[in-house]
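# Examination of the molecular architecture
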Amino acid sequence: MQNDARLRQELRLRRAGGTGEHQLGLAGRLARTHGGNERTWARAVTDARGIYAAELGADGEAQRPASRPE
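Rules behind the numbers
Each chain carries its own residue numbering, running from 1 in the written order of its sequence. Only residues with pLDDT of at least 70 get local features here, since the model is predicted, and only at 80 or more are side-chain atom pairs given and counted; chain-wide, interface and lining totals rely on the full set of residues. Water and hydrogen atoms play no part in the side-chain values, which are based on all heavy atoms of the structure. Helix numbering and strand numbering both begin at the N terminus, where a helix is a DSSP run of H or I of at least 4 residues and a strand a DSSP run of E of at least 2. A 1.4 Å probe rolled over the protein chains alone gives each residue an accessible area, and that area as a share of the maximum for its type sets the label: buried under 20%, exposed over 50%, partly exposed in between. In this description, contact between two residues means that some pair of their heavy atoms is separated by no more than 4.5 Å. Per-residue confidence from the predictor is reported as pLDDT, which spans 0 to 100. The term polar contact refers here to a pair of N or O atoms within 3.5 Å; inside protein, the definition further demands a hydrogen-donor-capable atom paired with an acceptor-capable atom, and it admits residues adjacent in sequence only when both atoms are side-chain atoms.

## Concerning the overall build of the protein chain
From N to C terminus, the protein chain includes three helices and zero strands. If you list the helices and strands of the protein chain from N to C, you get α-α-α. Each of the 70 residues in the protein chain was classed as buried or not, and the buried ones make up 14%. Within the protein chain, contacts between residues at least 6 apart in sequence are counted, and of these 6% link residues at least 24 apart.

## Quick notes on the confidence of the model for the protein chain
Per-residue confidence for the protein chain averages 75 on the pLDDT scale, and 64% of its residues sit at or above 70. For the protein chain, per-element mean pLDDT is lowest for helix H1 (residues 2-15), which scores 76, and highest for helix H3 (residues 38-63), which scores 83.

## A look at the environment of Thr33
Within the secondary structure, Thr33 is located in helix H2 (residues 22-34). Here Arg29 takes part through its backbone oxygen, which lies 2.8 Å from a polar atom of the side chain of Thr33.

Take a look at the structure:
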């Protein structure tokens, strides 16, 4: 049952312009919706994910309590 759902999702992503990777599907959808090249959108998505992850990491460091020696 899960395998069928995974295959349907992969097929849907491929139709969306990807090769099974959500990031590529998103880039294809952005290119079709807003114009431009799919590779340019893929690079923009990758950059945005990196910036977002770095910001989450910076916030996580700031909010993490200091370790206490035991």
